Amino acid sequence: MKNSINLIRLLLFSFAFIQTVFAQQITSPKEHFGFNIGDDYQLATFTETEQYFKKLDQQSDRLLYTVIGKTEEGRDQCMLIISSPENLKNLEEFKNISTKLAHADLSEAEARDLAQKGKSIVWIDGGLHSNEVVGTHQLIQTAYLLASSNDLETKKILENSIVLMVHANPDGQELISNWYMREKTPNKRSGNYVPVLYQKYAGHDNNRDFFMLNLKESQNMARQLFVEWIPQIMYNHHQTAPAGAVVAGAPYRDPFNYVFDPILMSGIDALGAAMSSRLNAEGKPGYTAKDGSVFSTWYNGGLRTTTYFHNMMGLLTEMIGNPTPFEIPLVPNRLIPNNDTQNPVIPQVWHFQQSIDYSVSLNYAVLNYASRYKDEVLYNMFRMGKNSIERGSKDFWPLSPSKVAVIDTAFQQAKRKDPKIENNREAERKLLGSLFDNKSLRDPRGFIIPADQADFVKATDFVNALIQNGIDIQQANADFTVNGKKYVKGSYIIKTDQAFRPHILDMFEPQDHPDDFQYPGGPPIPPYDAAGWTLAYLMDVKFDRILDDFNGPFQDLTNGKVIQLAEVAKPKGKYLRLPATINESFRVSNDLLKQGKNVWRDESNGDIYVENNANVKLIFDAEASNSLPKQSKKIKTLRIALWDTYGGSMPSGWLRFLMEKYHYNFDVIYAPDIDKGNLNAKYDIIIFPGNSIPRFNSNANASSYYGRMPAEAPENIPSPYKERWGRLTEQKSIPVLKAFLENGGKIVTIGSSSDLAEHLELGVENHLVDAQHKALRRTDFYTPGSVLTAKVAKGIASTWGYNDQIDLYYSNDNLYRITNNNIKPLMWFDSEKVLKSGWSWGQKYLKDGVIAFEAPVGKGKLVSFGNDINFRAQTHGTFKLLFNQLQ
Ligand SMILES: [Zn+2]
């Protein structure tokens, strides 16, 4: 026994010895891929990259290859954990310190102590947007350098920090690199005309999914970011920079999101300075920040931006770079140094290698900062979390535009009464009471989501999005009363006295976007993405805001563990009623239709009836009956087609995602399929998402029609993609669609594709016009992505399952006035104040505008939604508007 222990010791010793001696034997990218990362005309595929990462894992004691989940196409999504060999032995301990500090349920002294003991955790990702090829390739090069370099800086980084290097989109790298490399002659290689989206459903929108977490890759990354590790710093690589710059980065322009902790913003400033300073010191010009680019910190939902709502210092750079060399354009006003662009770049030919070198420098700048200021970075994470807990435990008034306007209004009124007030500081201070003494304007201490609401399955989907974002949820294990209102057992409670309070407020409360103009009276400055997105509104989740502290029989749910609703017992009776108010009813009925079972709809209210037997699996309580309602009608499976295009359309991809999720059978069809005609032989209904129908000339944004393509497909495009080439045209496609309608087909148009009604001259006109019937200018009316409240027509099949009001996502969309009595409005704005969350300049112009309608065309019907009722598959509140059309 003793001998064998000695033998093991000896073996272990020799193993350690061998490892030390051969620690430098790390395969270089050139040895593995056959080219240097950054060589002209060379891209690595994911398969090759994955093999390389596994090789590094075997060869280096500084690097662990881990898999964080499967991608949508079934690949392994990998995360490399890189640190000193000593740190890697104690990963659990450092992970614990990181998450404890992030949750901030500690005393000041404990936090100081843990900040000393811990290691800063830094996330660096690459390749989220796969055609931005610098991103994936800097990941490979940086991993190699961290695994192989022995300079003092690298050693310090490995000693003080743990680096999480995450591949953000393996499927996309495989697609894009194979597409580029398919041409054997290097200088003929091109990334143009990639045939499909580089994320199966979302393409570029894969960076808009992080509060909703529809996609597997987003779920995998959110788990590491918000539950497992909770890094203090994350760095999200993108492409490309504004013309005339090399890279755009931190800090970012206004607006500032008012739920953030100020430490977050000053921390981003410091990191931005570390990044630009390093480039300046290394003689790498062309960094631009703040107003030098369009990127702001307003939006939640990006891989980078969602981290802000969790107190993480999120960094994004947008870098130029392509394996095919190109030239930086001349933009004279970028050549004058200023605080945004301290070191302008002179226009020149640019090689891929330069972009890789810049990226590595920027990664090292961030890692160096994280290593040198490790204690501070860790402590500040705690401080922000603790501040959140404190703000959620007392009366707290945020300083957002609408709240400060309360003080300003009081100030203006007081000045009118007494102009001398401006010299009276005490009187001025009293005016602050207009906000701070107004208890109704406080932030809520928490939210209650009642379990007895119409669609509790959907409410649970919402709660699951919060859980995957690391939010602590409680559930009532008995009935209870708060502020005199009774709530049933099973209701969810979300308190705001937790570290990620900014995210909670953001998901339940309106976004209070400022009026943001280039100059007073000038054009609006578009937000980088949406202006408002309050998820509880978009999902139509019923909840109560509770402004005072409250308690009850509340049980903590496990952090990070999603809720799986269990199958419920069914009541006795021949039929089951699946209410039209519940999204899940449609999934159940689709499953039964696929099995060839009978399904009916009650034509008085849209409720779905099915036979009560073992085939029916329910996760919500349904009523049973022994007979069908008088007005019930058996429904049949419709032959559904969904438009898509060569290259892939994101709105179409999101619809594909939604329809698969709700178990619809459908075909995806392309312009050439449509142009062949005779569509009634194949389909009962065709869905046209935004940007599929050519814009109608009189519309203000007519130029935004989908990117132009040459008439003929280039020769080197293979099947089956070649057969998808082309766009719908006014000359050829519109008459085919007209014939489809006239022969009894149904068309659903969404977003800008509602222009079809105008092509067909059905009798609708643009509502957003001035007294001279000219389209409103942006200085008069501007409503970027926001949540608005609309009126809903009742007693019509298209709106079954809805009350008379609805919250919808609206983004400068078509709005109509109807001039033909045969057209039925489905949704419209009935007031001058319909903004619920976000920004609407000149919202009075929306009043009486019709956003959705249905129109008979021959024997068929056109159903038109001006807004996106399936925006990024986030708007669960408006999904049923589509489902009602598909049965
Ligand atoms: Zn990008």
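Predicted model, so just to flag it, every value in this text is computed and none were measured.

Draft legend 1. Region of interest: the pairing of strand 28 (residues 786–792). Counting buried residues in strand 28 gives six out of seven residues, a clear majority hidden from the surface. Note: strand 28 against strand 29 (residues 805–810), six bridges, orientation antiparallel. Opposite K791, over in strand 29, you have Q805 as the bridge partner. The pairing of strand 28 with strand 32 (residues 835–837) spans two bridges and is classified as antiparallel. Bridge assignment links L788 to a residue of strand 32, and that residue is L835.

Draft legend 2. Looking closely at the sheet that holds strand 15 (residues 492–495). The strand order across the open sheet formed by five strands is 16-11-15-12-17, and the pairing between neighbours is antiparallel. Edge positions in the sheet fall to strand 16 (544–546) and strand 17 (554–556), since each has one partner strand and no second. Averaged over all neighbouring strand pairs, the angle between strand axes comes to 30°, with direction disregarded. Alignment of strand 12 (residues 474–476) against strand 15, held across two bridges, turns out to be antiparallel. Its bridge partner being in strand 15, Q475 is matched across the sheet by Y492. Docked against the sheet, helix 18 (residues 456–468) engages strand 11 (446–449) and strand 15, running at close to 30° with respect to strand 15. Relative to the sheet, helix 19 (residues 501–508) contacts strand 11 and strand 15, its axis offset from that of strand 11 by approximately 50°.

Draft legend 3. Looking closely at the confidence of the model for the protein. The pLDDT averaged across the protein works out to 95; a share of 96% of its residues lies at or above 70. The secondary-structure element of the protein with the lowest mean pLDDT is helix 1 (residues 2–21), recorded at 50, while strand 11 shows the highest, at 99. In the model, residues 16–23 has pLDDT below 50 throughout and makes one contact with residues more than four positions away in sequence or in other chains. A low-confidence stretch, residues 700–705 (pLDDT under 50), is modelled with 15 contacts involving residues beyond four sequence positions or located in other chains.

Draft legend 4. Seen up close, the packing of aromatic side chains. As enumerated under the stated definition, the model contains 37 aromatic pairs in all. With 5.7 Å between their ring centres and 70° between their planes, Y258 and W298 make a pair best called edge-to-face. A residue pair is termed long-range when its members are at least 10 positions apart, and Y258 in the loop between strand 6 (247–252) and helix 11 (262–281) and W298 in the loop between strand 7 (287–290) and helix 12 (303–308) qualify at 40 residues. Its relative accessible area of 2% is what places W298 among the buried residues. Judged by centre distance (5.4 Å) and plane angle (70°), the ring pair of W350 and Y358 falls under edge-to-face. Residue classification places W350 among the buried residues on the basis of a relative accessible area of 1%. Using a relative accessible area of 5% as the deciding quantity, one classes Y358 as buried. Taken together, the ring pairs in this structure connect F447, F462, F508, Y537 and F543 into an aromatic cluster. Sitting above the plane of the Y379 ring, R112 keeps its charged end 3.7 Å from the centroid. When the ring centre of F550 is taken as reference, the NZ or CZ atom of K495 above it lies at 5.0 Å.

Draft legend 5. Inspection of the coordination of the zinc ion at higher detail. Of the protein atoms, only H129 (ND1), E132 (OE), E132 (OE) and H238 (ND1) coordinate the zinc ion, at distances of 2.0 to 2.3 Å. Seen from the zinc ion, its four donor atoms lie at angles of 58 to 153°, and the figure they make is irregular.

Draft legend 6. Region of interest: the packing of helix 3 (residues 46–59) against helix 7 (residues 133–148). Their axes nearest at 11 Å, the elements helix 3 and helix 7 cross at an angle of 10°. Viewed along their axes, helix 3 and helix 7 adopt a mutual orientation that is roughly parallel. Across the interface between the two elements, T49, Y52, F53 and L56 from helix 3 touch I140, A143 and Y144 from helix 7. A per-class count over the contact of helix 3 with helix 7 returns six nonpolar, one polar and no charged.

Draft legend 7. Looking closely at empty space enclosed by the protein. As enumerated under the stated definition, the model contains two cavities of 30 Å³ or more in all. Space inside the largest cavity adds up to approximately 60 Å³. In this structure, the largest cavity is lined by N207, R208, F295, Y299, G302, L303, R304, T305, L316 and Y528. With three residues, helix 12 is the largest single contributor of residues to the lining of the largest cavity. Tallied by class, residues from the lining of the largest cavity come to five nonpolar, three polar and two charged. In this structure, the second largest cavity encloses a volume near 30 Å³. Looking at the second largest cavity, the residues that line it are V134, G135, H237, H238, T317, M319 and S359. For the lining of the second largest cavity, the secondary-structure elements that each account for two or more residues are helix 7, strand 5 (233–238) and strand 8 (313–319). Split by residue class, the lining of the second largest cavity holds two nonpolar, five polar and no charged.

Procedures and definitions
Residues numbered from 1 in each chain as written. Predicted model: local features only at pLDDT ≥ 70, side-chain atom pairs only at ≥ 80, totals over all residues. Heavy atoms only, no water. Buried < 20%, exposed > 50% of the residue type's maximum accessible area, 1.4 Å probe, protein only. Helix = DSSP H or I, 4+ residues; strand = E, 2+ residues; numbered from the N terminus. Pairing = 2+ DSSP bridges. Axes fitted to C-alpha atoms, helices over the stretch in contact; angles between N-to-C directions. Contact = heavy atoms within 4.5 Å. pLDDT = per-residue confidence, 0-100. Phe/Tyr/Trp six-rings, centres within 6.5 Å; stacked < 30°, edge-to-face > 60°. Lys NZ or Arg CZ within 6 Å of the ring centre and 35° of its normal. Donors = N, O, S within 2.8 Å, 3.2 Å for Na, K, Ca; no water. Tetrahedral: all angles 85-135°; square planar, octahedral: opposite > 155°, others 65-115°. Parallel < 35°, antiparallel > 145°, perpendicular 65-115°, else oblique. Nonpolar A, V, L, I, M, F, W, Y, C, P; charged D, E, K, R; others polar. 1 Å grid on protein atoms, 1.4 Å probe; cavity = no way out; pocket = protein on both sides within 12 Å on 5 of 7 lines; lining within 4 Å. Points joined across faces, edges and corners; volume = space filled by probe spheres on them.

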